[in-house]
Amino acid sequence: MKTDHKEYTITAYTEDYLGLISRINAIFSRRRISMVTFNVGPSEMEKVKKFVIVIRETEDSVQKISRQMEKQVDVLEVHYHRNPYLTAVEHAS
C-alpha cells in the first residue's frame with residue numbers, strides 16, 4: 001500500500017513556557033517524523049508563542065500529531081494545512 005506523503009504546515013499557539021519546545025519536539029521524535037522547518041517566535045498576542053512546523057507526512061498522521069499537540073497543557077490551539085505552493089508545482093508537472 002502506497003502512502004501519499006505531502007507537505008503540511010502546522011501552526012500552534014502556546015503560552016510562553018520554559019521547556020515546551022522540547023515537549024513539542026518529543027512528539028515528532030517519538031513518531032520518527034522529520035521536520036522540514038521548525039520556527040518559534042512571538043505571536044501577535046502578548047505572552048503567546050507561535051510555532052510554525054513544516055513536515056512531509058500523510059494527512060492522517062498530521063491530524064494525529066495536531067491532536068497530540070493540543071493535549072499539551074500550555075498549547076492554546078493548533079491548525080494545519082497543506083502547502084499550496086507544493087500543490088501548484090505538482091499540478092504544473
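Up top you'll find the structure we're talking about.
A brief look at the structure comes next. Note that the coordinates shown come from a computational prediction; the quantities given were computed from them, not determined experimentally. (Residues numbered from 1 in each chain as written. Predicted model: local features only at pLDDT ≥ 70, side-chain atom pairs only at ≥ 80, totals over all residues. Heavy atoms only, no water.)

**Some words on helix α2 (residues 59-70)**
Between its first and last C-alpha, α2 extends 16 Å over 12 residues, near the 16 Å set by a 1.5 Å rise per residue. The set of residues buried in α2 consists of S61, V62, I65, S66 and M69. Angularly, the buried residues of α2 cover 135 degrees about the axis, an arc narrow enough to put them on a single face. Contacts from the buried residues of α2 go to β1 (6-15), α1 (20-30), β3 (48-57) and β4 (75-82). (Helix = DSSP H or I, 4+ residues; strand = E, 2+ residues; numbered from the N terminus. Expected span 1.5 Å × (residues − 1). Buried < 20%, exposed > 50% of the residue type's maximum accessible area, 1.4 Å probe, protein only. Arc of directions from axis to C-beta. Contact = heavy atoms within 4.5 Å.)

**Here's the deal with the packing of α1 against α2**
For the pair α1 and α2, the least separation of the axes is 10 Å and the interaxial angle reads 150 degrees. By the angle class used here, α1 and α2 are roughly antiparallel. Between α1 and α2 lies a crossing whose hand is right-handed. Residue-level contacts link I24, I27, F28 and R30 of α1 to I65, Q68 and M69 of α2. Tallied by class, residues from the contact of α1 with α2 come to 5 nonpolar, 1 polar and 1 charged. (Axes fitted to C-alpha atoms, helices over the stretch in contact; angles between N-to-C directions. Parallel < 35°, antiparallel > 145°, perpendicular 65-115°, else oblique. Left-handed = near helix turned anticlockwise from the far one by under 90°. Nonpolar A, V, L, I, M, F, W, Y, C, P; charged D, E, K, R; others polar.)

**Quick word on α1**
For α1, the full list of buried residues reads L20, I24, I27 and F28. Buried residues of α1, viewed axially, fall in a sector of 90 degrees; they line one side. Opposite the buried face of α1, by more than 90 degrees, sit the exposed residues S22 and R30. On its buried face, α1 is in contact with β1, β2 (35-42), β3, α2 and β4. Two residues or fewer past α1, R32 is found with a positive phi of approximately 55 degrees.

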